[in-house]
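Coordinate inspection notes
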Number of protein chains: 2
Amino acid sequence: MPVQGSIDKYRVDSKEKFKLSDYETNDKSLFQHGGKEEHDPYLNQLRDELKQLQNQLYAESKHRVLVVIQAMDTGGKDGTVKSVFSKVDPQGIHIEPFKKPSEEELAHDFLWRIHEKVPRNGQIVVFNRSHYEDIIAVRVKNIYPKEVWKPRYRHIVEFERMLAEEGTTIVKLFLHISKDEQKERLQARLDNPAKHWKFNPDDLKDRARWDDFMEVYEDLIEKTSTEYAPWHIIPADRKWYRNLVVARIMVDTLKGLDMKFPTSDWIAEDITID
Amino acid sequence: MPVQGSIDKYRVDSKEKFKLSDYETNDKSLFQHGGKEEHDPYLNQLRDELKQLQNQLYAESKHRVLVVIQAMDTGGKDGTVKSVFSKVDPQGIHIEPFKKPSEEELAHDFLWRIHEKVPRNGQIVVFNRSHYEDIIAVRVKNIYPKEVWKPRYRHIVEFERMLAEEGTTIVKLFLHISKDEQKERLQARLDNPAKHWKFNPDDLKDRARWDDFMEVYEDLIEKTSTEYAPWHIIPADRKWYRNLVVARIMVDTLKGLDMKFPTSDWIAEDITID
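Thresholds, definitions, all that
- Residues numbered from 1 in each chain as written.
- Chains lettered and ligands numbered in written order.
- Predicted model: local features only at pLDDT ≥ 70, side-chain atom pairs only at ≥ 80, totals over all residues.
- Heavy atoms only, no water.
- UniProt positions renumbered as here; feature names shortened; annotations may be inferred.
- Helix = DSSP H or I, 4+ residues; strand = E, 2+ residues; numbered from the N terminus.
- Contact = heavy atoms within 4.5 Å.
- Buried area = accessible area lost by both parts, 1.4 Å probe.
- Salt bridge = Lys/Arg side-chain N within 4 Å of Asp/Glu carboxyl O.
- Polar contact = N/O pair within 3.5 Å; in protein donor to acceptor, adjacent residues only side chain to side chain.
- Nonpolar A, V, L, I, M, F, W, Y, C, P; charged D, E, K, R; others polar.
- Core = buried A, V, L, I, M, F, W, Y, C linked by side-chain atoms within 4.5 Å.
- Buried < 20%, exposed > 50% of the residue type's maximum accessible area, 1.4 Å probe, protein only.
- Pairing = 2+ DSSP bridges.
- Axes fitted to C-alpha atoms, helices over the stretch in contact; angles between N-to-C directions.
- Patch = residues over 30% accessible without salt bridge, like charges linked within 9 Å, V, L, I, M, F, W, Y side chains within 5 Å.
- Areas by Shrake-Rupley, 256 points an atom, 1.4 Å probe, with all protein chains shown as cover.
- Least-squares fit on C-alpha atoms with pLDDT ≥ 70 in both.
- Phe/Tyr/Trp six-rings, centres within 6.5 Å; stacked < 30°, edge-to-face > 60°.
- Lys NZ or Arg CZ within 6 Å of the ring centre and 35° of its normal.
- Parallel < 35°, antiparallel > 145°, perpendicular 65-115°, else oblique.
- Left-handed = near helix turned anticlockwise from the far one by under 90°.
- Expected span 1.5 Å × (residues − 1).

Per the UniProt record, "domain: Polyphosphate kinase-2-related" (unreviewed entry) is annotated on residues 37-259 of chain A. Secondary structure content for residues 37-259 of chain A is 54% helix and 14% strand, while the C-alpha to C-alpha distance between its ends is 33 Å.

Okay, here's the thing in C-alpha cells:
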C-alpha cells in the first residue's frame, strides 16, 4: 500500500513557529483509503523491515538510536511500542519507562537518570516518558518554581546536541490525541475490569488541566525541535494510523544511517570445519 | 599563619585571555615565610575545618560538590587528595580515578561514564582525571580526529552549566608543575623500587610532548573557565604549598555555600528516653 504524500509533514521544522493546532489528531491523509484491516499487511511489512534493520544496527555496532515518546494519558505510548517493535529482537532494543523519580534520582540533576539509560553502539533505546516530564509535569503541576524548570530547556537542547554529535540518532514522537478521544479511552478503562489497573484517578486531574498541558507542550516542542533532534507530531486518534506513521518513521530513520554489515578478514570458502 | 594576599589570584577569570606562563609553578607568595614545617599547623587547621564543613554538607544534604583535578604525570593528583581530604569522613566523599575508558564506556558518548559519577546531595566527589582527558589525551595523542574532539569543548561547558544550575558547586584544579620538577619526580620513582609501580615508560612519551600538552591545556583552560565552573591554577612544584592552596580553596568554597544544620520539628528537652 503506497504512502500518499510525504511523512516529513509530521516532522517539526526547527525554523518555523510551531502551533499544535496546525496538526490534526485524526489525520489519515497518508493512507486515505480504508482503515486498520486494509493497512495491516503494510504495517506487517514495516515491522519486518524494522527487524532486519535493527539486526544490521546490532551487527555493525556503530550507531545508537534513541526514541523519545511523549503523550497525554491514554495517548498510546505503551500500545505504540508493543505494535511497532513487536518483531524486533529483544536483545538489541531496550524500553525504558520513566516513572516518578526516586529519592536517589532526585538527589542528582534531572538528566542523571536519563543519561544512564541512553543507547550504546548497536542499540535502540525507547524512552516511554522522558526528561521532557522534568519540564512538562513540573511546570503544569507547579512542582518546582520557574527558576528550576526554565534553564532546563537549554540543558535538554544541549544534552541532545551532545548525544547527536557523539553519534546518537534521536527520534522524538509526540502522540497527539484529542480531548474527546481521551475521554473515550478513559471510559473504556473504567468499563473493563481487566483495564482498571491502567486507570488512575489522578489522570482526571491531569485531564482537567488539558489546555495547560497543550500550552506547555506547544512551547516545549517549539523550543526543543532541532535539526539533530526534531519532534514528530503523530496523529494518534486512530491507533492503526499512529502505528503506521511511527513504524514508517523508524524504518526511514534506520535506512538513513546507511549501514553496512561488518566485513570479515577471512574468506568463508577458505575455511573448513572438521 | 595568616594568608598574604588573596587566594583568588589562582582562579582563572573567564573574561580575560588566559596564558599559562602568567602562572609560576614555584610561586609561594601567599605563604612567603618558611616552608613545610612552619605551615603544617595551618594545613592541619584547614583539614579540621574541611572535616567540619563536610559534616555539615552531609547533614544538610542540599548541596553537591564536584572537584576536578587535572595535571601532568607526577603533578600530584594522588598526593593532593591524600593530604587535603585526609580527615574527611569517607562516607561523605568519593574519589573517582578515571582510567582509560572500557569497551562499554567507549560504546557511549564520552560524558556517559562521567555523568554517572557526579555527586548527589550532601556529597563531595573528586575526579582524579576527568572528562578533560577526552580532549587533552585525545588531542595530543591524536586518538581521534578534530571532528571528534572539537565539539567537546561546547559539550563540556554546557554539561558543567547544567550541573551548576541544577545545584552542583564545581571546583576545577590544574596542578601546575614545571618540566624540571617532573624530571626530578620521575627520577625519584626510578630510584626507589617501592615507587616503581607508579612509573610507566609511556609517561616518558607524554613528557616528550610536554609543549604540546601545555598548549592544549592553555587553550582548554581558557575555553572552559566559566563563572560557574572556573579553573584554578595551583603552583605545584612545592607539595606543601600546593596542599595549602587546595585546602584553602576547598574551605572557602564550602563556607561560601552558607549551610545550615537542618532544624528539627521537636524540642530536645521535651523528649525523655526511658
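Turning our attention to the interface of chain A and chain B. Contacts between chain A and chain B engage 26 residues on the former and 26 residues on the latter. Together chain A and chain B conceal approximately 2,300 Å² of surface at their shared face, both sides included; 47% is due to carbon and sulfur atoms. Where chain A touches chain B, the interface holds 6 salt bridges. Between Arg120(A) and Glu104(B) there is a salt bridge, with the nearest N and O atoms lying 2.3 Å from each other. Linking chain A to chain B there are 23 residue pairs in polar contact (both at pLDDT 80 or more). Put simply, the parts of the chain that give the side of chain A that touches chain B at least two residues each are α3 (103-106), α4 (112-116) and α6 (146-165) of chain A. Top contributing element to the side of chain A that touches chain B by residue count: α6(A), with 10 residues. Tallied by class, the residues present in the side of chain A that touches chain B amount to 11 nonpolar, 4 polar and 11 charged.

Below, the discussion takes up the nonpolar core. Counting residues in hydrophobic clusters, the biggest one holds 154 residues, and the most contacted among them are Val67(A), Phe85(A), Met250(A), Val67(B) and Phe85(B). With residues near it in sequence (within four places) discarded, Val67(A) still touches Ile124(A), Val125(A), Val126(A), Phe127(A), Val171(A), Leu173(A) and Met250(A).

The next thing to look at is the sheet that holds strand β1 (residues 64-71) of chain A. Residues and elements named next belong to chain A. Strand order in the open sheet formed by 5 strands is β2-β3-β1-β4-β5, and the pairing between neighbours is parallel. Two strands close off the open sheet at either side, each with one partner strand: β2 (93-97) and β5 (231-235). Going across the sheet, the axis of each strand differs from the next one's by a mean of 20°, ignoring polarity. Bridge count for β1 against strand β4 (residues 168-176) is 8 bridges, and the pairing is parallel. Looking across to β4, one finds that Gln70 is bridged to Phe174.

Further remarks concern a nonpolar patch on the surface. A grouping of Leu106(A), Ile143(A) and Tyr144(A) is seen on the molecular surface, where their side chains present a nonpolar patch of about 260 Å² in accessible area. Locating Leu106(A) in the fold gives a position in helix α3.

Turning to the relation of the copies chain A and chain B, a few remarks are in order. Its rotation angle being 180°, the transformation that places chain A on chain B also includes 0.0 Å of axial translation and leaves an RMSD of 0.0 Å. What we have between these two chains is a two-fold relation. A shared binding surface is used by both copies, with 100% of the interface residues of chain A retained as interface residues in chain B.

This next bit is on the packing of aromatic side chains. All names here are of chain A. Within the structure shown, the criterion is met by 17 aromatic pairs over all chains. Ring centres of Phe174 and Tyr217 lie 4.5 Å apart, and the angle between their planes is 40°; this geometry places the pair in the tilted category. Separated by 43 residues along the polypeptide, Phe174 in strand β4 and Tyr217 in helix α9 (residues 210-224) bring together distant segments of the chain. Residue classification places Phe174 among the buried positions, given a relative accessible area of 1%. Using a relative accessible area of 2% as the deciding quantity, one classes Tyr217 as buried. One aromatic cluster in this structure is built from Tyr10, Phe31, Tyr42, Trp240 and Tyr241. Stacked on the ring of Tyr153, the Lys or Arg Lys223 has its end atom at 5.3 Å from the ring centre.

Okay, the packing of helix α2 (residues 77-84) of chain B against helix α10 (residues 239-255) of chain B next. Residues and elements named next belong to chain B. Where α2 meets α10, the closest approach of the two axes is 10 Å, and the angle between their N-to-C directions is 60°. With respect to α10, the axis of α2 lies oblique. Once α2 is placed against α10, the crossing between them reads as right-handed. Facing α2, whose interface residues are Gly79, Thr80, Ser83 and Val84, α10 presents Arg242, Asn243, Val246 and Ala247. Within the contact of α2 with α10, the residues separate by chemical class into 3 nonpolar, 4 polar and 1 charged.

Residues and elements named next belong to chain B. Strand order in the open sheet formed by 5 strands is β2-β3-β1-β4-β5, with parallel pairing between adjacent strands. Looking at strand neighbours, the two that pair on one side only are β2 (93-97) and β5 (231-235), the edges of this open sheet. Sheet twist, expressed as the average angle between the axes of neighbouring strands with direction ignored, equals 20°. Sheet analysis places β2 next to strand β3 (residues 124-128), joined by 5 bridges and oriented parallel.

All names here are of chain A. Residue position: Ile170 is located in strand β4. Taking the C-alpha atoms as reference, Ile170 lies 8.6 Å from Arg64; in sequence the two are 106 residues apart. Setting aside anything within four residues of it in sequence, one finds Ile170 in contact with Leu66, Glu160, Leu163, Ala164, Tyr228, Ala229 and Pro230.

Residue and element names in this part refer to chain B. The end-to-end C-alpha distance of helix α1 (residues 36-60) is 35 Å, a good match for the 36 Å that 25 residues give at a rise of 1.5 Å each. Listed in full, the buried residues belonging to α1 are His39, Tyr42, Leu43, Leu46, Arg47, Leu50, Leu53, Gln54, Gln56, Leu57 and Glu60. Those residues of α1 hidden inside the fold are in contact with β1 (64-71), α2, β2, β3 and α10. Just downstream of α1 lies Ser61, where phi reads positive at about 50°.

Residues and elements named next belong to chain A. One non-glycine residue with positive phi stands out, namely Thr74, at about 70°. Mapped onto the fold, Thr74 is located in the loop between β1 and α2 (77-84). Phi is positive for Asp258, close to 50°, though the residue is something other than glycine.

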